[in-house]
Amino acid sequence: MQKLTKSIKNRYLLFFITIIIIMVTVLFIIQRSINLQASNAYLISTVGNQGMLSQRIIKSIIDFDNTKNNTNTPAFESLKSLTYRFENSQNYLQEQNDKIRINPIADSLLKASKPYADIIIASARDIIKNSDSQILKNSLEKVKEAELPYSIILNSITNEYLKNADENLKDLKHIMYILAIIAFLILISEFLFVLAPALNHLIKKNKELLKSNSELAISENKLKLSMIELTKLKTDLETSEEYNKIFIEQAPTAIAMLDKEMKYIAVSQQWIRDYKMEGKQIIGRSHYDIFPEIGDDWKENHQKCLNGAIDSCDEAPFKRADGTVQWIYWDVRPWYISEGEIGGLIMHTGDITALKEKDSDRIRIQKILDKTNEVARIGTWEVDLENNKVIWSKVVCEIHNVPQDYKPGLNTAINFFKEGKSRDTIEEAVKQAAEKGTPYDIEVELVTTTGTVVWTRAIGQSEMVDGKCTRLFGVFQDINNIKISQIALNKAHTELKAIFNSGAVAIVATEIDGIISQFNRGAEILTGYSASEMIGLQRPKIFHFQEEFDAFRIDIAKLYHKDPVGLSAQEELAKHDAYDTREWNYKRKDGSTIPIQLTLTSIKDEKGELIGFLGISTDISEKRIAENELLRKNQLLNFAEEITLMGNWQWDTVIDKVEWSNNLYNIFKLDKETKSLSFDTYFNFVHPDDRDIVTKYFSKTVDEKSLQRFTHRIIAGDGTLKTVQLLGEVITNEKNEVVEMIGTCQDITEQRMAENKFRGLLESAPDAMVIVNEKGKIQLINKQAEILFGYHIDELFNKPVEILIPARFTDNYNHTEQRNGFFANPNVRAMGVGKEKELYGINKKGKEIPIQISLSPLQTEEGLLVSAAIRDVTVQKLAERKIIQAKENLETLTQHLSGQNKQLADFAHITSHNLRSPVSNLNALLHLYDIEENEDEKKVLFEKFELVIGHLTSTLNTLIEALKTKKVSEKDLELIDFEETLNKTREILSGQIIKTNSVITSNFSEVPTIEYHKTYLESIFLNLITNAIKYRSPDRNPEIHIETKIIEQKVNLTIRDNGLGMDLEKHGHKLFGLYKTFHRHPDAKGVGLYLTKIQVDTMGGTIFATSKVNKGSIFTIIFNNNSDAKFL
Amino acid sequence: MQNFYNICIIDDDSIYQYTITKTIRAYNLANDIMVFSDGEEALDFFIKNLDTSENLPDIILLDINMPIMDGYQFMDEYLKIKPRVGKKILIYMVSSSVDPNDIEKAKRIGEISDYIIKPIKPGELISIVSSFQNN
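As the structure is a prediction and not an experimental result, all values here were calculated from the model. (Residues numbered from 1 in each chain as written. Chains lettered and ligands numbered in written order. Predicted model: local features only at pLDDT ≥ 70, side-chain atom pairs only at ≥ 80, totals over all residues.)

## Section: the overall build of chain A
Note the following rule: We count a stretch as a helix when DSSP gives it H or I for four or more residues in a row; a strand needs E for two or more, and each element gets its number in order from the N terminus. The exposure scheme places C-beta atoms from the backbone and then counts, for each residue, the other C-beta atoms within 10 Å of its own, assigning buried at 20 or more, exposed at 12 or fewer, and partly exposed in between. Distance between backbone-placed C-beta atoms decides contact: two residues are in contact if it is within 7 Å.
Secondary structure assignment for chain A yields 32 helices and 33 strands. Within chain A, buried positions represent 22% of all 1128 residues. Partitioning the intrachain contacts of chain A with sequence separation of at least 6 by distance along the chain shows that 53% fall at a separation of at least 24.

Spelled out as structure tokens, the structure:
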């Protein structure tokens, strides 16, 4: 809106400006027109005046004439002034006409008038000049003549001017009209322009207004509708209140509606019936008047309800005034007039007295039932499918092993059933019952909360309402015990059946008369007869041997002290309820015989009457074979023991009972009839000298619970001395106590003798011998080996051979692999000999011994052994090392000498070159000197001579210095401190260092000193540092770092700078040559490095440089700080 | 002797430079004498004047032992630019070295006409110039 005002304001400004412009224009036009009119009017009057003047001139002339040409008369004066005025007017007219040029007619008229005017003026002047009467007359005549046409013309001019003025006025009128129209149009358009935004706004507002108007109409309609609805609602409400009343009155239950004063508004018929109020006036009366028996507590409750509470009770006794007790339930709640405002109470009650009486009967029956159920472990359950509620009786809870107040859900109840078949069965049954109403009675397994599996019988049926199941209920019985015994019975039955049908056991049952009644598959297999051949037809006699029957009868008779003649053995057994098991032979159908074990027993009925016999037999031919086999093996063992001179023994250490094998008796020469052997029996044979170690051995065996191989001597029963070896194992009980030992005892007397021979041989060998078994365990070593390694045989026996080899050879199982390799391909081989790798052994003290080994396989009864002959080669090694050392020394010397040789050759070459060069210069100069005639030139030449000679001298000095370097002796060596040497160099170079801003750093911490030729080292430092400063980069201050280090056991000295650097690819080969320079430096002489190299070389060291152009150079000297220098 | 030739001396020995120049002048053996103190200086000049062969020398007396760039190194570099040199140049190795190795090495370089041991005698100079003339 503000914007609108602003824009209108702006437009107003324009509006005003336009109006002002129009006014000004109008004013201007009117002014101009007025001016024009004024001048026109003036012209007209002038023209009129002119006419008048011309006439007055005539009149004056006449007057003058009348005065007799007296010039001093007023007539003359008048004529003079008139003439003058006339002339001026005429001129003015002419001027104005020229200026304005009103119209061509006026113009031409004026021009036409001019000659007449001129005549008038000329005549008048003539008169004035010469007031001669003649002239006067003539002039008068001329004036008169001229005056008439002049007047006529003037009249015409006047007319023209008037006409002109008229036209001007007309024009002005037109202009004013046009202007007025234009101004009007402009103002109108501007007015519109000014009001345009306002108009726009107005139109917009108008539209909005229209819209809101229509909206208003809609909402008005709505309001009307709501009003109608409200009215309807009110009517409804009124109707519903009425209905409520009717509803309450006609409700089938007991309902009463009371107001706030507890006065009845409405009651149902049932109410009246329930409280026996028939015929009484209730409506309008107080509740408490009607029920005076209502106590204060109820009244209080009612008050609470009047304040908004709801009071309900499922059952309560209501003692009536007449003394009867009425069981009622109620629901008392307030009713509302409007929201928040209570109108009174609604009471809904019910008389459940009859129900209550029935209920107590039911409870009583229930109790009896529960008791019964408890005993029978039957419980009831119920599933309310509508509320999804499950109710379990006490017994059901007990069966599930849950507390009685347990509230199961439908799913949790199902989940109690054992997963798998049981769960599936119950789920399916419940589903069927719920969907189709099929009742079920199933036996399923249940897992109780304690995890025990219980067999239960679940019986269920459903209550269907409109084809939909609303309730499932049934009983639930714990049938675990029944089920288990049933299952056990089934199992036993099945097993029995399995046994009966199995082929492994033959079962034959007979009637009391001996006729076969049962003949199973096993019997068929065993006897070769089929059941159909036997049952009801034959007696077992058919496959028995008569003589075995007789023997059986005699045995039984003997057992029960009866006369065998005519005795029925089976009947006799039956009498004693006994059975007999023995081995028989069956005569098979095909005639062959089969050994069996038969158990005979009788079958009695429940009263104990004999009803038949039963024979159960198994094939024992396998067992027979096994027995025979055992016997044979035993014989073989005996035989083997005899051959190997070995016996076996068992010693029950608990009761000290010993058993020997046959051959052991032979070895000990003990009578085989000697029974009840004990440890002492054995111990008495032990050689008296060995008894101690035997006692020790056995106590050790008990301690360690293992029998080691053990050898000792015995004196056999026949007095011969024997050596026996014991081997065996210890048996312990669960408490880890030794209860038994079993083992072998071998007579190794002869073996021992052979061993002794071998041992003698071994001991006489000059080398150390170590014998190792296949597992790499040391078995035997000789005395030399004991001396070499410092171990006693007992310390090494059965120890891995690696104990004698330094760890570095045995790491990573290398040696073990090699050893295995040897056993895979056993042959004699020598090791540690010749160019092969050096071998070392290690003795007890940990000292390594250089050795040579010769391995050879040794096939023995104990398997493949390896004998290693080991030779200590310490002495040889020492000698060898000395020779190698000497050779190395010689090589070094040769190297050094050839180096010296080369240096000498170089020196000779340098000498020849560097001396030849100045000499040749001298020659050339001499020649020039000879041929030169000019004395001045000769003088110059002579100066050159001096230069050459000076150069020659310095060369000779350098060479001499180099030569001196060659002479160095041991006494020249001294311990020099690097730091000191550097400081000395610093002092010498202090001037240059300061001048060039050089920074010299050093680190001699690793090698602070060296034994060296002092002068040389100083010279080396001086030369190298001088060079580093001399060949500095112009771009940076020299930084020089000097460091000593040990690299590969040699002292290294490095001097690093950040100077110009050199292209070593180009110049490397001449770096250390004499007079070799690489920079165009005025001080470059090519002597320093030459001398430095000679000095370093002389001391047996090496010098080299690495460098990068514009980065810097590193000179490294590797000092030869061992004794090589002494060879010089 | 006509002296239409430019002789170039590459040697770091100032006395030698003096005597040889003097000798060449004395015998009027050259039109112009160029003197360089080492191989690099000479090479730079050559490279600069490759297009104006009249500035290049006709005969070079090359020393072996020089700083920066010695006679052999100069020859290595010269051989690289030789295809662009627009005229025939005779090169003589002039050295005071009597080392047979040096002589052998110089002889092996095909571009080197001869090896002259210092001091160089005037007669030798004259024969060098005349041998150039004959070619």
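## A closer look at unusual backbone geometry
With an omega dihedral of 0°, the bond running from B:Lys118 to B:Pro119 counts as a cis peptide bond. Here B:Pro119 shows up in the loop between strand 5 (112-117) and helix 5 (122-134). Of note in this structure, A:Asn401 is not a glycine but carries a positive phi near 60°. When you line up the elements, A:Asn401 lands in the loop between helix 9 (394-400) and helix 10 (410-415). Of note, A:Asn736 is a non-glycine position whose phi angle comes to about 65°, a positive value. With respect to the helices and strands, the residue A:Asn736 is situated in the loop between strand 19 (721-732) and strand 20 (738-747).

## Brief notes about the nonpolar core
Stated formally: Only buried Ala, Val, Leu, Ile, Met, Phe, Trp, Tyr and Cys residues enter a nonpolar core, and they are joined through C-beta atoms within 7 Å.
Counting residues in each nonpolar core, the largest one holds 39 residues, and the members touching the most others are B:Ile7, B:Ile10, B:Ile59, B:Leu61 and B:Leu62. The set of elements that each furnish at least two residues to this core consists of helix 26 (874-931) of chain A together with strand 1 (6-10), helix 1 (14-26), helix 2 (39-48), strand 3 (59-62), helix 3 (71-81), strand 4 (90-95) and helix 5 of chain B. Setting aside residues no more than four positions away along its own chain, B:Leu61 makes contact with B:Ile7, B:Ile9, B:Ile20, B:Tyr92 and B:Val94. Counting residues in each nonpolar core, the second largest holds 30 residues, with A:Ala124, A:Leu140, A:Tyr150 and A:Tyr161 among its members.

## Things to note about the sheet that holds strand 5 of chain B
In sheet architecture, strand pairing relies on hydrogen bonds along the backbone and comes in two forms, parallel and antiparallel. All names here are of chain B. Spelled out, the test is: Paired strands, in this sense, are two strands between which DSSP finds at least two bridges. Note on geometry: axes are C-alpha line fits, over the in-contact stretch for helices, and angles between N-to-C directions span 0 to 180 degrees.
Here we have 5 strands laid out as an open sheet, ordered 2-1-3-4-5, and parallel in their pairing. Where the open sheet ends on each side, the last strands, each with one partner, are strand 2 (32-36) and strand 5. Taking each pair of neighbouring strands and ignoring which way they run, the sheet shows an average axis angle of 20°. Sheet analysis places strand 1 next to strand 3, joined by 4 bridges and oriented parallel. Across the sheet, the residue bridging to isoleucine 7 is isoleucine 59, located in strand 3. Strands strand 4 and strand 5 of the sheet are contacted by helix 4 (residues 100-108), whose axis makes an angle of about 160° with strand 5.

## Considering the sheet that holds strand 32 (residues 1102-1108) of chain A
Residues and elements named next belong to chain A. The strand order across the open sheet built from 5 strands is 28-30-31-33-32, with neighbouring strands paired in mixed fashion. Looking along the sheet, the strands with just one partner apiece sit at the ends: strand 28 (999-1003) and strand 32. In this sheet, neighbouring strand axes are inclined to one another by 15° on average, regardless of whether the strands run parallel or antiparallel. Looking at chain direction, strand 31 (residues 1050-1056) and strand 33 (residues 1112-1119) are connected through 6 bridges and run antiparallel. Within strand 33, the position partnered with valine 1051 by the bridge is phenylalanine 1119.

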